[in-house]
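The residues making up each chain are set out below.
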Amino acid sequence: MTLLEVKALSKEFDGLRALDGVSFAARGGEILGIIGPNGAGKTTLFNIISGIYPPSGGEINFEGKSILRLKPHQVSRLGIGRTFQIVRPFQNLDVEANVMVAFGHRVYPSLWKSAGSVWQPEIQKEVQDLIDRVGLRPHLKQIAKTLPLGFKKRLEIARALALQPRLLLLDEPSAGLRFEESLQLMGLIRQVCDQGIGILLIEHNMHVVMDLCKRIVVLDHGSKIAEGSPEEIRSNPLVIQAYLGKEA
Ligand SMILES: Nc1ncnc2c1ncn2[C@@H]1O[C@H](COP(=O)(O)OP(=O)(O)O)[C@@H](O)[C@H]1O
Ligand SMILES: [Mg+2]
């Protein structure tokens, strides 16, 4: 089933076309790779889907409904979670508290209304399950800022999963990680996907993308220049040109 449909999406920043008529669709239980040279518009795409910026034009439908005018908290309530290129846990809280806090609106839907408390047994069980799922059990009581980057990234994924997203946007999760750490993180991402969650993965490491994704969308200068299987992308002259052009 189509989870997310992006149609002719455009974004201008003071005359700069960061996105120019980008269209694609993403399904549940699939990792869709989003690649492209620096400045291609990848993060802008995520910022628009998650409601941080309004687009200049185009449409975005999630599970058949437009999410164009929604604010970030509304988009996340609807079922789209994300992590950021630069990790943002609560640095001075431990792992367990970071995951608990992430339950946010599931427990406290508004200032005036409470659906219970993070201390209720069902939520506490979910907190512990999430910590196991991302492999942070040995670091339960460790303060976030003292975690190695690879574990911080796992924590961010646990925090995003706390809101039970059906689509997860991951912006360069392996950036800054050692090869071993990135392999482990990719294992975790694959597990999340196997549970039926759709994933949009921005990733600069070609090896990782080609290994993890059956389908890849390539952006360059704000436009989609290719979409296809890793084999198709690898041999696509426009893609090769986009990457070689940047290195030259
Ligand atoms: N908030 C903003 N204001 C102005 N320009 C921006 C803003 N965000 C991104 N851009 C510009 O949009 C283009 C695409 O950026 P970005 O989406 O971050 O690319 P990528 O993530 O693919 O490296 C770049 O030229 C960038 O400078
Ligand atoms: Mg980026």
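Given the structure is predicted, the values throughout are model-derived calculations rather than measurements. (Residues numbered from 1 in each chain as written. Chains lettered and ligands numbered in written order. Predicted model: local features only at pLDDT ≥ 70, side-chain atom pairs only at ≥ 80, totals over all residues.)

**Q** I tried to follow the environment of glycine 104 on my own but got confused; where do I start?
**A** Relative to the helices and strands, glycine 104 resides in helix H4 (residues 104-107). Residue classification places glycine 104 among the partly exposed residues on the basis of 16 C-beta atoms within 10 Å. Expressed as a C-alpha distance, the spacing of glycine 104 and valine 118, which sit 14 residues apart in the sequence, is 8.6 Å. (Helix = DSSP H or I, 4+ residues; strand = E, 2+ residues; numbered from the N terminus. Buried ≥ 20, exposed ≤ 12 C-beta atoms within 10 Å, placed from the backbone.)

**Q** Can you walk me through the sheet that holds strand E6 (residues 80-83) in this structure?
**A** Two orientations exist for strands paired in a sheet by backbone hydrogen bonds: parallel and antiparallel. On the basis of which strands lie adjacent, the open sheet formed by six strands has the order E6-E7-E8-E3-E9-E10 and mixed pairing. At either end of the open sheet lies a strand with only one pairing partner, and these are E6 and strand E10 (223-228). Each strand axis lies, on average, 20 degrees off the axis of its neighbour in the sheet, ignoring direction. The sheet contact formed by strand E3 (residues 31-35) and strand E9 (residues 215-220) spans four bridges and is parallel. Looking at the pairing, isoleucine 34 lines up with valine 217 of E9. Together, E3, E6, strand E7 (167-171), strand E8 (198-202) and E9 form the strand contacts of helix H1 (residues 42-49), whose direction differs from that of E7 by roughly 145 degrees. (Pairing = 2+ DSSP bridges. Axes fitted to C-alpha atoms, helices over the stretch in contact; angles between N-to-C directions. Contact = placed C-beta atoms within 7 Å.)

**Q** Just to check I follow, could you spell out the domain arrangement of the chain for this structure?
**A** One frequently used descriptor of interface size is the decrease in accessible area upon assembly of the parts. Each assigned domain of the chain is listed here: domain 1 (1-79 + 169-248) and domain 2 (86-164). Relative to domain 2, the C-alpha centre of domain 1 lies at a distance of 25 Å. Taken residue by residue, the interface counts ten residues in domain 1 and eight residues in domain 2. Take the side of domain 1 that touches domain 2: its biggest share by element is four residues, from helix H7 (residues 179-194). Of the residues assigned to the side of domain 1 that touches domain 2, the class counts are four nonpolar, four polar and two charged. (Domains from an automatic or database assignment. Nonpolar A, V, L, I, M, F, W, Y, C, P; charged D, E, K, R; others polar.)

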